[in-house]
Amino acid sequence: MTVTRFAPSPTGYLHVGNLRTALFNWLIARKAGGEFILRLDDTDPERSKQEYADGIQEDLEWLGLTWDRVETQSSRLDRYVAAADELRAKARFYEAWETPTELDLKRKKLLNMGKPPVYDRAALALSEEEKTALRAERGDGVWRFKLDHARIAWADGILGDISIDAASVSDPVLIRADGQFLYTLASVVDDTEMGITHVVRGSDHVTNTATQIQIMAALGAGHPDFAHHSLLTGPQGEALSKRLGTLALRDLRAAGIEPMALLSLMARLGSSDPIALRSTHQELIDGFDLSKFGAAPTKFDVEDLKPLTARHLASLPLADMASDIAALGVPAELAEPFWSVVRENIDTRADMAAWWALFRDGPAQPIIADEDRAFVEQAFSMLPDAPYDAQTWSQWTADVKAATGRKGKGLFMPLRLAVTGQQRGPEMADVMALLQTRPTV
Ligand code: GLU
């Protein structure tokens, strides 16, 4: 069975970059009829917060990316202890005491010599006496996994055949000096024990993948299929990392972006298939093909979400909007005409409120040019009291035309501006039919 996971650290809210990872893993599981696990990588007690764990779940729920179960790394520490013991027993784990400053110095030296800044394994050469002395002086060290200096190869679901020379990678630290398990080990143990079959994550994890494949092998396990998606950039190709904080999913939600607009964009962005607005999750699943995604950085423009949101809203049947419309106080018998009038004229759901306020109370600010004032006053005096119907506009404008001699744009435009306060919008016949009060000057 296909099992995937989305493994955010609850140290912040989800942003569009995380969403790509979540969505791909979700789509793979759902397409295969498999399982999708939400795994909270919360081994860092200082930075992990319940508020973020809750926020992540809220955001995924908003998007309809349902998970089959939640796992938390903080409740699995005993599993990581067991794995660490096994690595120790297999002589693939060693303690090291260099301080960050010492490591930095080593790195700089290597770089100056034009060499890759790979940890020199000095700790491996320590005698028992030296280790005892260092422990007495510096306390517990960090624990590093001893890589096997061979090439690590895998067939990546997006990048194709990859191979990394393990000798070009530092032996990864899996346990910090304060005993905290690091993501690399915890993730390996979880992926293995939870039977994860496919891991899709950002290409910033490629080196992690190489080391994790070796750790899995050292623990006697095979590895899942890996795929690394490209990272998102801004519309000009600029790095997004600094701006991702401003592209939090909850901010997009607050700005009125619709889940289907966001999901439709992210399910296709960076693939050779065109962006297609989908109306259901099933359509997203059916239209998803990981092999169509490329390795090149993917340009993301938050502005693209606006027209997609507007198009999505325009496509919705009344049933999907009925509760929003009722919440505005629109009488039930007007819900249908109201929706058919506003659907093409809103960017977000929230825009409906202004339309209803206009129909109920008249425009917040009618636009009446000085030279049209007398004309508008005369026209309004010829209008009976509300309610109106589908014929009101044509009858009224015919009467006004006969009385004033105005026609065409000179007749219709000042009336549209005075009635709606806007240059353009729905058909005036439809607007009039919804007006609840007689317009005034
Ligand atoms: N917690 C890790 C991250 O957010 C998970 C990476 C992975 O998918 O393995 O980067």
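Below you will find a few notes about this structure.

So, how was this worked out
- Residues numbered from 1 in each chain as written.
- Predicted model: local features only at pLDDT ≥ 70, side-chain atom pairs only at ≥ 80, totals over all residues.
- Heavy atoms only, no water.
- Phe/Tyr/Trp six-rings, centres within 6.5 Å; stacked < 30°, edge-to-face > 60°.
- Helix = DSSP H or I, 4+ residues; strand = E, 2+ residues; numbered from the N terminus.
- Buried < 20%, exposed > 50% of the residue type's maximum accessible area, 1.4 Å probe, protein only.
- Axes fitted to C-alpha atoms, helices over the stretch in contact; angles between N-to-C directions.
- Parallel < 35°, antiparallel > 145°, perpendicular 65-115°, else oblique.
- Left-handed = near helix turned anticlockwise from the far one by under 90°.
- Contact = heavy atoms within 4.5 Å.
- Nonpolar A, V, L, I, M, F, W, Y, C, P; charged D, E, K, R; others polar.
- Near = heavy atom within 4 Å.
- Polar contact = N/O pair within 3.5 Å; in protein donor to acceptor, adjacent residues only side chain to side chain.
- Areas by Shrake-Rupley, 256 points an atom, 1.4 Å probe, with all protein chains shown as cover.
- Salt bridge = Lys/Arg side-chain N within 4 Å of Asp/Glu carboxyl O.
- Pairing = 2+ DSSP bridges.

## Side note on the packing of aromatic side chains
Across all of its chains, the model carries twelve aromatic pairs by this definition. Residues Trp393 and Trp396 carry aromatic rings whose centres are separated by 5.9 Å and whose planes lie at 70° to one another, so their mutual orientation is edge-to-face. Remark: Trp396 and Trp393 occur in helix α16 (residues 392-404); sequence separation between them is three residues, near one turn of the helix. Comparing Trp393 with Trp396, the two get one shared label, buried.

## Description of the packing of helix α6 (residues 183-193) against helix α7 (residues 206-218)
Two quantities define a packed helix pair, namely the angle between the axes and the distance from one axis to the other. Here α6 crosses α7 at 60°, and the two axes come no closer than 10 Å. As the angle between them shows, α6 and α7 are arranged oblique. For the crossing formed where α6 meets α7, the hand is right-handed. Residues Tyr183, Thr184, Leu185, Ser187, Val188, Asp191 and Thr192 of α6 pack against Asn208, Thr211, Gln212, Ile215 and Met216 of α7. The residue inventory of the contact of α6 with α7, partitioned by class, reads five nonpolar, six polar and one charged.

## Structural notes on the site of the ligand
All residues adjacent to the ligand are Arg5, Ala7, Ser9, Asp41, Tyr183, Ser187, Arg201 and His205. Note that a nitrogen atom of the ligand is positioned 2.7 Å from one of the backbone N or O atoms of Ala7. The protein chains hide 79% of the 290 Å² of surface that the ligand would expose on its own. The class makeup of the residues in the shell around the ligand is two nonpolar, three polar and three charged.

## Section: the environment of Lys306
Note that Lys306 resides in helix α11 (residues 305-315). C-alpha separation for the pair Lys306 and Gly256, spaced 50 residues apart in sequence, amounts to 8.8 Å.

## Description of the side chain of His15
Looking at the secondary structure, you find His15 in the loop between β1 (3-6) and α1 (16-31). On the accessibility criterion, His15 (17% relative accessible area) is buried. Ignoring any residue separated from it by four or fewer positions in sequence, one finds His15 in contact with Leu244, Leu247, Ala248 and Leu249.

## Some words on the pattern of salt bridges
Counted according to the given criterion, the structure contains 35 salt bridges. In this structure, Arg250 and Glu58 form a salt bridge, with 3.1 Å as the shortest nitrogen-oxygen distance. Highlighted residues: Arg250 in helix α8 (residues 249-254) and Glu58 in helix α2 (residues 50-63), separated in sequence by 192 residues. The class of Glu58 is partly exposed, set by a relative accessible area of 38%. Where salt bridges share partners, they join Arg5, Arg39, Asp41, Arg76, Arg79, Asp190, Asp191 and Glu193 into one cluster.

## What about unusual backbone geometry?
Cis geometry is adopted by the peptide bond preceding Pro387, which originates at Ala386 and carries an omega value of 5°. Looking at where Pro387 falls in the secondary structure, it is placed in the loop between α15 (373-381) and α16. Of note, Ala91 is a non-glycine position whose phi angle comes to about 60°, a positive value. One can find Ala91 in the loop between α3 (77-89) and β4 (93-96). Look at Arg121: it is not a glycine, yet its phi comes out positive at around 60°.

## Description of the sheet that holds β1
Here three strands make up an open sheet; going across it, the order is β1-β2-β3 and the pairing parallel. In this open sheet, the two strands that pair with only one neighbour each are β1 and β3 (69-72). Averaged over all pairs of adjacent strands, the angle between their axes in this sheet comes to 30°, without regard to strand direction. On the sheet, α1 packs against β1 and β2 (35-40) and is oriented at approximately 165° with respect to β1.

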